[in-house]
Amino acid sequence: MLTNGADTDHLRKALEASGTGTWCFDVASGKIFADAIAKQLFGITASTTTYTHLFALAHPDDREAVNNAVLTALSFGVLDVTYNTLNGRITVKGKKFTDEHSGIQSFHGTVRLTVFKTKPLAKVAKNEDTLNAIIEQSPIAIALYVGREMVVGLANDVMLNFWGKDKSIIGQRLEIAVPELEGQPFLQILDNVFTTGETYQVTEAPAKLAVNGILDIYYFDFTYKPLFDDKGKVYAIMNMAVDVSDRMQSKELLQQSEARFRTITEQSPMAIGLLKSRDMIIELGNEKIFEVWGKDASIVGVPLIEALPEIEGQGFIDILRNVYDSGMAYKGYDVVAKLRHNGILTDVYFDFIYTPLKDEDGNVSGILILANDVTQRIQTIKKIVESEERFKAVIYSAQAAMAVFKGRDLVADIANDAFLEFVGRTEKEMIGRPLLESMPEMAGQSSIELMHEVFDKGIKTHHYGRLIYILKNGVLTPNYYNVSYTPLFDSEGNVYAVLDIAIDVTESIKAQQAIEEAEASLRGAIELAELGTWNLNPQTGILTYSERMLEWFGFTGEPENLRDVYNIINDTDRERIEKAILRALDPESDGIYNEEYTIVNRVTKRERILHAQGKAFFDASGKAYMISGTAQDITTQRKLQLALEGEVKARTVALQEANKELEDINYRLVNTNKELEQYAYVASHDLQEPLRKISMFSNLLRDRDKDSIHKSTIDKIVRSSERMSLLIKDLLEFSRLLNPDTRFVRTNMQTIVSAIITDFELMVEEKKAEIIADVLPTIDAVPLQMNQLFFNLIGNSLKFIGPETIPKIIIGCRKIDREEVKLYLPQLTDYNYYCFSVKDNGIGIDEQYQKQIFEVFKRLHSRTEYSGSGIGLAICRRIAANHGGAIYIESALGKGTTFNVILPEKQPEE
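Residues numbered from 1 in each chain as written. Predicted model: local features only at pLDDT ≥ 70, side-chain atom pairs only at ≥ 80, totals over all residues. Heavy atoms only, no water.

**Overview of the overall build of the protein chain**
Within the protein chain, the secondary structure is distributed over 30 helices and 34 strands. Expressed as a percentage of its 910 residues, the buried residues of the protein chain come to 38%. Once local pairs closer than 6 in sequence are excluded, the contacts in the protein chain between residues at least 24 apart make up 50%. Entry remark: accessible area of the protein chain is about 53900 Å², with carbon and sulfur atoms responsible for 53%. (Helix = DSSP H or I, 4+ residues; strand = E, 2+ residues; numbered from the N terminus. Buried < 20%, exposed > 50% of the residue type's maximum accessible area, 1.4 Å probe, protein only. Contact = heavy atoms within 4.5 Å. Areas by Shrake-Rupley, 256 points an atom, 1.4 Å probe, with all protein chains shown as cover.)

Next comes the structure, spelled out in structure tokens:
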């Protein structure tokens, strides 16, 4: 029977005799190790190569099938492929194996020649067309560099894509075609291959290439193979390359992942350990788990029960073995373990998980321990429970209103008697219920939102004098509280409740509001009175002033010394003011300061006369600690007073002289009135008689003038006498209106206007006029004057009308407010006022003449255009004045006129 060594030698000789080569493929590195026969069959010279380079030597028609077979083998673990190479058709077989301890994966297999080719492929490749076709269709990047200048003789699309170039570079030197190779080792290596004639082969070599204009690093397995001419000299170099950038990236990511895992394990705040086999041998652990166990890294490689003998009988070893046997994880929370720290057996609490680790066959090979030391949390919870009782005792015994509300629903957990009294609830109505349920009136008030904010953010807040409406005995009452909302944290640092502490300050707030209102009123009064304010500290002698006084004095706003203030006071007043201040500060005085004095502005030198008032305040010992007051600029009043005194003297003299003149005027006025009465008598008797005779004789002349020879002259005499008679009648009317001896009676204005419209019946019919009258009120008036007033106004509207216009007159009345009356009457009675209006569509009055028409003898048209004496509207104004009213017009030329008469509803009683 053969020994192991003999078996191996026998197997090697048997394989060699059968022409079978052996090979090994390392999956992680991508490298293939081949014996001499395998090297010959694969067509390689080195014992070690990459699988991408190896299978690149396959016939172009078979390369895709070879690549697919390799990928399938990597996934399923079995390789069986037959393909053509330069040396013949070969069959490659292999199987994947995984090392039990290291987990490294590798393939082991054989290669043997299946059919010999009758014509070597190298000879076929001499045919240029065939070679070009092979290169172009190859999935491997292939290029040919001719001569020592390395002129690119050919390059397939794969190589061009690597370079980021196109076919235009064919025929260029490589260093020009791919300029980014400058500074990289490839040009020098090519030159060495051309010189030595030795093939250069490398794996995972980095190269900087500009693809799509972006310079980046790519990784390649490539070969530089020299080509020889018939004389054995190198004439060109064949470059074959495979892009392995993805593989390199995968390696890098794997290395990064492993580094991150090591970093996470080492820096993790969680205790992490790994136990191997059912003996629970400590294979590795981070510093945290050694700290928890109370040991150091020297226990690595030791069974757990030997490293921690104190855990014997605590159940942990049994749990670990059960996890190992069952393959199911185990979790524990707040579990106590007695561990020896610094020689002392200590209770340590853990949250932990035991997770089984399985190999590729699904068998448990070890256990991963993840643990958190929660000893502090457990101890904290115990302390919290103890302090909870103390906390409740403090709340229930506190004088301030205190309550605890749990959760975001603010469920009342604790409320002392003071709090229950504040909110007007019993403990039964409050405890265990959400705040909005027990106190629905809080909905919409800011307290809920503020407590939610404290709960969410965990930040304590204070609120002073907050207004809160609380329903007590069915009445919603406003109250003011100083409120503090404090977050309460659990052992994990999370807010679980809000502590509400409240102090009722309703009375204080109301008193403060009253003071603020008083201060606001005082400030308003000071501003309204244009006063300045000042304060004096007797101990320091420093004065402070309001902005207004700073402006008066020309001060900057910095505190002023009393002596500096005395310096701007007029010399004649200074001593008196100093004594007044000292007197006010005397404890025996009433503390009142009240003086007038003149100052000179420090900057502008302007003089002002001030009236200052103040009051001193004394402490318990009778010492003055402050004097404050106000000041008023009375410069204008004093100057005006002096001016008025001089004016009064002058006016007194002028008044005496005016009284003398007034006596003379009064005497002349009495005589004038008598003369006016005489004139009225003459006008009514002496002047009327000659006018009647002139009229009578004119009519006689008209009758005797049978042939109408003097008709024109006689008509003129008749018209003149008629106008003269009308003028005298109007003057008599006007003079009668000057007599104030009139009697007012309740007069129905509707009746007056209706009678006037009847008087104008013939003229209305003749002109086809339309007169519309509203309902008019009853007022205190002189009926005869009212008749004359509206007769004149309506007559004017009928008279002053365009030749082609049909008159339309509207008579109306409205009650007006006193503000409108004030626009036309300086003095008003206590009664209501009416505005009577007569509106027409006549010729209108130009704005510039609207004030003149109420004057005596003012005419705007010739007598040939419109008849009249020019006194009618003057009579209207006089009648309105006699009744304590006014008259005004609204008119525009060509757009008609509205006469407005303002009259009181009642006349003052005599």
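**A closer look at unusual backbone geometry**
Although it is not a glycine, Asp334 adopts a positive phi angle of roughly 55 degrees. With respect to the helices and strands, Asp334 occurs in strand 14 (residues 330-341). For Asp334, a relative accessible area of 37% translates into the label partly exposed. Positive phi, normally seen in glycine, also occurs at Asn342, with a value near 55 degrees. Summarising the element assignment, Asn342 is placed in the loop between strand 14 and strand 15 (344-358).

**A word on the packing of helix 28 (residues 783-799) against helix 30 (residues 872-882)**
Helix 30 packs onto helix 28 with a crossing angle of 145 degrees between their chain directions and a minimal axis gap of 9 Å. As helix 28 runs across helix 30, the sense of the crossing is left-handed. Across from Gln785, Met786, Gln788, Leu789, Asn792, Leu793 and Asn796 in helix 28, the residues of helix 30 making contact are Gly872, Leu873, Ile875, Cys876, Ile879 and Asn882. Of the residues assigned to the contact of helix 28 with helix 30, the class counts are seven nonpolar, six polar and no charged. (Axes fitted to C-alpha atoms, helices over the stretch in contact; angles between N-to-C directions. Left-handed = near helix turned anticlockwise from the far one by under 90°. Nonpolar A, V, L, I, M, F, W, Y, C, P; charged D, E, K, R; others polar.)

**Side note on the packing of aromatic side chains**
Aromatic ring pairs are defined here through the distance separating the ring centres and the angle between the ring planes. Scanning the entire structure with this criterion turns up 22 aromatic pairs. Where Phe162 meets Phe220, the ring centres are 4.9 Å apart and the plane angle is 55 degrees; that geometry is what we call tilted. With Phe162 in helix 7 (residues 157-163) and Phe220 in strand 10 (residues 214-228), this pair connects stretches of sequence that are 58 residues apart. For Phe220, a relative accessible area of 6% translates into the label buried. The aromatic ring of Phe617 is capped on one face by Lys615, whose charged end is 5.8 Å from the ring centroid. (Phe/Tyr/Trp six-rings, centres within 6.5 Å; stacked < 30°, edge-to-face > 60°. Lys NZ or Arg CZ within 6 Å of the ring centre and 35° of its normal.)

**Quick word on a nonpolar patch on the surface**
On the surface, Leu467, Tyr469, Leu471 and Leu476 cluster together into a nonpolar patch covering about 320 Å² of accessible area. Looking at the nonpolar patch element by element, the count peaks at three residues for strand 19 (residues 461-472). As for its position among the elements, Leu471 is in strand 19. (Patch = residues over 30% accessible without salt bridge, like charges linked within 9 Å, V, L, I, M, F, W, Y side chains within 5 Å. Salt bridge = Lys/Arg side-chain N within 4 Å of Asp/Glu carboxyl O.)

**Examining the environment of Arg12**
Mapped onto the elements of the fold, Arg12 is located in helix 1 (residues 4-17). Considered as a pair, Arg12 and Thr22 are 10 residues apart in the sequence and their alpha carbons are 9.2 Å apart.

**Points about a negative patch on the surface**
A cluster of acidic residues, Asp99, Glu100, Asp359 and Asp361, forms a negative patch at the surface. Along the polypeptide, Glu100 turns up in the loop between strand 5 (88-98) and strand 6 (105-115). (Lys, Arg positive; Asp, Glu negative; His and termini not counted. Charge placed at Lys NZ, Arg CZ, Asp CG, Glu CD.)

**Describing the sheet that holds strand 33 (residues 886-891)**
Two orientations exist for strands paired in a sheet by backbone hydrogen bonds: parallel and antiparallel. In space, the five strands of this open sheet follow the order 29-31-32-34-33, with mixed pairing throughout. Every interior strand has two partners, whereas the edge strands, strand 29 (770-773) and strand 33, have only one. Each neighbouring strand pair of the sheet contributes to a mean axis angle of 20 degrees, computed without reference to strand direction. One ladder, built from four bridges, connects strand 29 with strand 31 (residues 808-816); its direction is parallel. The residue bridging Ile772 from the neighbouring strand is Ile810, located in strand 31. Across the sheet, helix 30 touches strand 33 and strand 34 (897-904), and the angle it forms with strand 33 is around 135 degrees. (Pairing = 2+ DSSP bridges.)

**A few points about the side chain of Ser438**
Note on placement: Ser438 falls in helix 17 (residues 435-438). There is a polar contact of 3.3 Å between the side chain of Ser438 and the backbone oxygen of Leu435. If sequence neighbours within four positions are ignored, Ser438 has contacts with Arg425, Glu429, Met430 and Arg433. (Polar contact = N/O pair within 3.5 Å; in protein donor to acceptor, adjacent residues only side chain to side chain.)

**Some thoughts on the nonpolar core**
Formed by 36 residues in total, the largest nonpolar core has its most connected members in Leu793 and Phe836. Those elements that provide at least two residues to this core are helix 26 (749-759), strand 30 (778-781), helix 28, strand 31, strand 32 (833-839), helix 30, strand 33 and strand 34. Looking at this core element by element, the count peaks at six residues for helix 28. Residue contacts for Leu793: discarding those within four places in its chain leaves Val838, Leu873, Cys876, Ile887, Phe899 and Val901. (Core = buried A, V, L, I, M, F, W, Y, C linked by side-chain atoms within 4.5 Å.)

**Focus: the sheet that holds strand 8 (residues 151-155)**
Sheet architecture is open: five strands sit in the order 8-7-11-10-9, paired in antiparallel fashion. Strands with a single pairing partner mark the edges of an open sheet, and in this sheet they are strand 8 and strand 9 (200-211). Neighbouring strand axes in the sheet, compared pairwise and without regard to direction, differ in orientation by 35 degrees on average. Examined bridge by bridge, strand 7 (residues 141-146) and strand 11 (residues 234-243) share six bridges and lie antiparallel to one another. Bridge pairing links Val146 to Ala236 in strand 11.

**Some remarks on helix 22 (residues 571-585)**
Compared with an ideal rise of 1.5 Å per residue, which puts 15 residues at 21 Å, helix 22 spans 22 Å between its outermost C-alpha atoms and is within 8% of the ideal. Within helix 22 the residues assigned to the buried category are Asp573, Ile577, Ala580, Ile581, Ala584 and Leu585. The buried residues of helix 22 occupy an angular sector of 125 degrees when the element is viewed end-on, so they sit on one face. Opposite the buried face of helix 22, by more than 90 degrees, sit the exposed residues Asp571, Glu575 and Leu582. Each element contacted by the buried residues of helix 22 is listed here: strand 22 (531-537), helix 21 (562-567), strand 25 (592-600), strand 26 (607-618) and strand 27 (624-633). (Expected span 1.5 Å × (residues − 1). Arc of directions from axis to C-beta.)

**A word on the confidence of the model for the protein chain**
A low pLDDT score tells you not to read the predicted coordinates there in detail. On average, residues of the protein chain score 80 in pLDDT, and 82% of them are at 70 or above. In the model of the protein chain, helix 5 (residues 121-124) stands out as the element of lowest mean pLDDT, 36, in contrast to strand 32, which has the highest, 95. Across residues 116-128, confidence stays below pLDDT 50; counting only partners more than four residues off in sequence or on other chains, it has eight contacts. Across residues 857-869, confidence stays below pLDDT 50; counting only partners more than four residues off in sequence or on other chains, it has 28 contacts. (pLDDT = per-residue confidence, 0-100.)

**With respect to helix 28**
The terminal C-alpha atoms of helix 28 lie 24 Å apart, and with 17 residues this matches the ideal 24 Å at 1.5 Å per residue to within 8%. Most of helix 28 sits inside the fold, with 12 of its 17 residues counted as buried. Considered for burial, the residues of helix 28 that qualify are Gln785, Met786, Gln788, Leu789, Phe790, Asn792, Leu793, Ile794, Gly795, Asn796, Ser797 and Leu798.

**Digging into the pattern of salt bridges**
Two side chains of opposite charge can pair, provided their charged atoms sit close to one another. In this structure the tally under the stated criterion is 25 salt bridges. Through salt bridges with shared partners, one network takes in Asp334, Asp351, Arg377 and Glu492.

**Digging into the pairing of strand 33**
Most of strand 33 sits out of view: five of its six residues are buried. Linking strand 33 back to strand 34 in an antiparallel pair, the connection comprises five residues, with Gly894 at a positive phi of about 85 degrees.

**Some points on the environment of Ile542**
Structurally, Ile542 is set in strand 23 (residues 542-545). In this structure, the C-alpha to C-alpha distance between Ile542 and Leu562, residues 20 residues apart in sequence, is 5.9 Å. Not counting residues within four places of it along the chain, the set of residues in contact with Ile542 comprises Asn535, Leu536, Asn537, Pro559, Glu560 and Asn561.

**So, the packing of helix 26 against helix 28**
The geometry of helix 26 relative to helix 28 is characterised by a closest axis approach of 10 Å and an angle of 50 degrees between their N-to-C directions. In terms of their interaxial angle, helix 26 and helix 28 are classed as oblique. Helix 26 and helix 28 meet at a crossing whose hand is right-handed. Counted together, Met749, Ile752, Val753, Ile756 and Asp759 of helix 26 and Pro783, Met786, Asn787, Phe790, Phe791 and Ile794 of helix 28 form the full contact between these two elements. Class assignment of the residues belonging to the contact of helix 26 with helix 28 gives a composition of nine nonpolar, one polar and one charged. (Parallel < 35°, antiparallel > 145°, perpendicular 65-115°, else oblique.)

**Quick word on the environment of Ala624**
Mapped onto the secondary structure, Ala624 falls in strand 27. For Ala624, a relative accessible area of 7% gives the class buried. Considered as a pair, Ala624 and Ala584 are 40 residues apart in the sequence and their alpha carbons are 9.1 Å apart. Filtering out sequence-adjacent residues up to four positions away, Ala624 remains in contact with Pro538, Gln539, Leu585, Phe617 and Phe618.

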